[in-house]
Amino acid sequence: MGGEAKKLPRIDFSEVDPSAPGGQAWGTARGEVMDALATFGCFEAHYPALAPRLRAELFEGAVRPLFALSADAKRRNCYGADRPFHGYLGDVPGFPGYESLAIVDGTKDESVRGFARLMWPDGGDNSDSFCGTVVEAAQRIFQLEEAVRRMVMEGLGVAKHHDALSASMWHLFRMSEYKAPNAAEKVVRYGAHQDTNWLSVVCQHEVAGLEMQSRGGEWIVVQPSPTSLVFMVGNELRAWTNDRLYAPFHRITVAGDVPRYSAMLFSVPSFQVQVADELVDDEHPPRFKPHDNNDFVCFCVSEEGALHQDKLKAFCGV
Ligand SMILES: O=C(O)CCC(=O)C(=O)O
Ligand SMILES: [Fe+2]
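By convention here, each chain's residues receive numbers from 1 onward along its written sequence. Think of it this way: whatever chain is written first is A, whatever ligand is written first is 1, and the rest follow in order. Since the coordinates come from a predicted model, pLDDT governs what is reported: local features require at least 70, and pairs of side-chain atoms require 80 or more to be given and counted, while whole-chain, interface and lining totals use all residues. Water and hydrogen atoms were dropped before computing side-chain values, which therefore reflect all heavy atoms in the structure.

**Side note on the UniProt feature "domain: Fe2OG dioxygenase" (unreviewed entry) in the protein**
Logical step 1: UniProt positions are given in the numbering used here, feature names are shortened, and annotations may be inferred rather than shown by experiment. Under the local residue numbering, the UniProt record ascribes the feature "domain: Fe2OG dioxygenase" (unreviewed entry) to residues 169–269.
Logical step 2: Along residues 169–269 one finds 6% helix and 57% strand; the C-alpha atoms at either end are 5 Å apart. Put simply, DSSP marks the helices as runs of H or I at least four residues long and the strands as runs of E at least two long, and each gets a number from the N terminus on.

Structure, rendered in structure tokens:
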């Protein structure tokens, strides 16, 4: 373990224009993205375009009041029992002190408004500002997420697939609260897992808690910063790239007496996930069978899925 980095790779996106692919800053960042995702499966993105003012508004003005609502209100954030992980999570066995709410298509104004109507059926003073702030923040994160997704396709030499895949990718915006243990000792609030989607972007607010595991097994604490986001590969991007990118295990631990808040944007494929033809050859035989993401998510939360550490391999490994 000696000699391993105690920090994630950090990539500077301050000179990259997500809406204008190409150019020198884009090319430099793309090279760093590919290195980071193949080795660590994750990186810290310096992205001041998600302004610290907007982040503060998101957490203090939108996320914190949301968690102060009654449990009955929060439970209305439900997209159906056949869609695990799409909505409210609270009192989940094995996740003590963890609660979260999630908006399907959370980068879109009408979806966020629909969510707000469920939370504040009578309107409420907070509803309009909640929607404005969440959409603005989710959009900002989405702009960089889409750029990184494009860089990955370019870096793998399969850029021609980007537009079609992008058109059938949807986004889940999740907001989480981790209760303070009121003790100096660290407790695990969300155990080690790999994400089940394509790419994940985590925005931490003030209190540390996200830990990424390196391939060598070392846990790396990612300190929150008001200008950075954490990107990581989910199992579906790993599947599509025929295991060329690493989907890192990560967990959330907390200590002390201040609750932790985070917001995440997950890109999720609504197409059949099938290893790209160009990424299969004699040296890289296909590793995963074609499958549907929601079936994979259902497997992950099933009794059988719980038995496996590498859930993707157990579900659809060749
Ligand atoms: O709260 C965080 O920092 C990340 C949580 C997480 O890993 C997840 O929701 O999949
Ligand atoms: Fe995760």
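**A look at the site of ligand 1**
Logical step 1: Any residue with a heavy atom lying within 4 Å of a molecule or strand is counted as near it. With respect to spatial proximity, the complete set of residues near ligand 1 consists of Tyr 178, Tyr 190, His 193, Asp 195, Val 202, His 250, Ile 252, Arg 260, Ser 262, Met 264 and Phe 266.
Logical step 2: One of the side-chain N or O atoms of Tyr 178 is found 2.6 Å from an oxygen atom in ligand 1.
Logical step 3: In this structure, Asp 195 approaches ligand 1 through a side-chain N or O atom, which is 3.2 Å from an oxygen atom.
Logical step 4: Only the protein chains shown count as cover for residues, and all accessible areas are computed by the Shrake-Rupley method using a 1.4 Å probe. Coverage of ligand 1 by the protein amounts to 97% of the 300 Å² it exposes when considered alone.
Logical step 5: At four residues, strand β12 (residues 260–269) tops the list of elements feeding residues into the shell around ligand 1. Any pair of nitrogen or oxygen atoms within 3.5 Å is treated as a polar contact; in protein, a donor-acceptor pairing is required on top of that, and neighbouring residues in sequence qualify only through side-chain atoms on both sides.

**Let's talk about the domain arrangement of the protein**
Logical step 1: Split by domain assignment, the protein resolves into domain 1 (10–270) and domain 2 (286–317).
Logical step 2: For the purposes of this description, domain bounds are those given by an automatic or database domain assignment. Distance between the C-alpha centres of domain 1 and domain 2: 22 Å.
Logical step 3: The contact criterion used is simple: two residues touch if any of their non-hydrogen atoms lie within 4.5 Å. Each partner contributes residues to the interface: domain 1 has 17 residues there, and domain 2 has 14 residues.
Logical step 4: Contact between domain 1 and domain 2 buries roughly 1,300 Å² in total, counting both sides, with carbon and sulfur atoms accounting for 56%.
Logical step 5: By convention in these notes, a salt bridge is any Lys or Arg side-chain nitrogen within 4 Å of a carboxyl oxygen on Asp or Glu. Our count for the contact surface shared by domain 1 and domain 2 stands at two salt bridges.
Logical step 6: Here Arg 238 ties to Asp 310 by a salt bridge, and the two come within 3.0 Å at their closest N and O atoms.
Logical step 7: Between the two partners, domain 1 and domain 2, sit seven residue pairs in polar contact (both at pLDDT 80 or more).
Logical step 8: Broken down by secondary-structure element, the contributors of at least two residues to the side of domain 1 that touches domain 2 are α7 (235–240) and β12. A 1.4 Å probe defines the accessible area here, and the buried area is the portion of it lost by two parts on being joined, summed over both.

**Points about the sheet that holds β12**
Logical step 1: Sheet architecture is open: eight strands sit in the order β1-β2-β10-β7-β12-β5-β4-β3, paired in mixed fashion. The open sheet has two edge strands, β1 (10–12) and β3 (89–90), and neither has a second partner.
Logical step 2: Pairing between two strands is assigned when DSSP locates at least 2 bridges connecting them. Note: β3 against strand β4 (residues 98–104), two bridges, orientation antiparallel. Its bridge partner lying in β4, Gly 90 is registered against Glu 99.
Logical step 3: Note on geometry: axes are C-alpha line fits, over the in-contact stretch for helices, and angles between N-to-C directions span 0 to 180 degrees. Seen against the sheet, helix α2 (residues 52–67) touches β4, β5 (169–178), β7 (199–205), β10 (228–233) and β12 and runs at an angle of roughly 95 degrees to β12.
Logical step 4: Against the sheet, helix α5 (residues 126–155) engages β2 (42–46), β4, β5, β7, β10 and β12, with an angle of about 120 degrees to β5.

**A short note on the nonpolar core**
Where a protein is soluble and globular, its nonpolar side chains tend to be buried together.
Logical step 1: Take the buried residues of types Ala, Val, Leu, Ile, Met, Phe, Trp, Tyr and Cys, join any two whose side-chain atoms come within 4.5 Å, and each joined set is a nonpolar core. Each residue's exposure class comes from its accessible area (1.4 Å probe, protein chains only) as a fraction of the maximum for that residue type: buried when under 20%, exposed when over 50%, partly exposed otherwise. Phe 13, Phe 43, Phe 130 and Trp 240 are the most contacted members of the largest nonpolar core, which has 74 residues in total.
Logical step 2: Broken down by element, this core gets its largest block of residues, 13 residues, from α5.
Logical step 3: Counting 22 residues, the second largest nonpolar core, distinct from the first, contains Leu 172, Tyr 178, Val 254 and Met 264.

**So, the coordination of the iron ion (ligand 2)**
Logical step 1: For the iron ion (ligand 2), the full set of protein donor atoms is His 193 (NE2), Asp 195 (OD) and His 250 (NE2), and the range of their distances to it is 2.0 to 2.2 Å.
Logical step 2: One chain supplies every donor to the iron ion (ligand 2), and in sequence these donors are spaced H-x1-D-x54-H. One end of the pair, His 193, is in strand β6 (residues 183–193); the other, His 250, is in strand β11 (residues 250–256), with 57 residues separating them in the sequence.
Logical step 3: For His 193, a relative accessible area of 16% translates into the label buried. We call an atom a donor if it is N, O or S and sits within 2.8 Å of the metal, or 3.2 Å for Na, K and Ca. Water is not counted, so some sites may look partial.

**Quick look at a negative patch on the surface**
Logical step 1: Here the term patch refers to residues with relative accessible area over 30% and no salt bridge, with like charges joined within 9 Å and nonpolar side chains (Val, Leu, Ile, Met, Phe, Trp, Tyr) within 5 Å. His is not counted here, nor are the chain ends, while Lys and Arg score as positive and Asp and Glu score as negative. Charged side chains are reduced to one point each, which is NZ for Lys, CZ for Arg, CG for Asp and CD for Glu. Taken together, Asp 12, Glu 15, Glu 32 and Asp 35 make up a surface patch of like negative charges.
Logical step 2: By secondary structure assignment, the location of Asp 12 is in strand β1.

**Regarding the packing of α2 against α5**
Logical step 1: Across the interface, α2 lies against α5 with an axial gap of 9 Å and an inter-helix angle of 130 degrees. With respect to α5, the axis of α2 lies oblique. Of the two possible hands of crossing, α2 and α5 adopt the one that is left-handed. Together, Arg 53, Leu 54, Glu 57, Leu 58, Gly 61, Ala 62, Pro 65 and Leu 66 of α2 and Asn 126, Phe 130, Thr 133, Val 134, Glu 136, Ala 137 and Arg 140 of α5 make up the contact between the two elements. These descriptions rest on fixed angle ranges, namely under 35 degrees for roughly parallel, over 145 for roughly antiparallel, 65 to 115 for roughly perpendicular, and the rest for oblique. Two helices cross in a left-handed way if the nearer one is turned anticlockwise from the farther one by less than a right angle. They cross in a right-handed way if the turn is clockwise.

**Side note on the sheet that holds β6**
Whenever strands of a sheet pair, they do so through backbone hydrogen bonds, lying parallel or antiparallel.
Logical step 1: Spatially, the four strands line up as an open sheet ordered β6-β11-β8-β9, and their pairing is antiparallel. The open sheet has two free edges, formed respectively by β6 and β9 (219–221), since each of these has just one partner strand. For this sheet the average axis-to-axis angle between neighbouring strands, irrespective of direction, equals 30 degrees.
Logical step 2: One ladder, built from three bridges, connects strand β8 (residues 210–213) with β9; its direction is antiparallel. Bridged to Glu 211 within β9 is Val 221.

**Quick look at unusual backbone geometry**
The general pattern is negative phi for most residues beyond glycine and trans for most peptide bonds.
Logical step 1: At Asn 182, a residue that is not glycine, the phi angle is positive and equals roughly 55 degrees.
Logical step 2: Within the secondary structure layout, Asn 182 lies in the loop between β5 and β6.
Logical step 3: Residue classification places Asn 182 among the exposed residues on the basis of a relative accessible area of 58%.
Logical step 4: If you check the backbone angles, Asn 242 has positive phi at about 60 degrees while not being a glycine.

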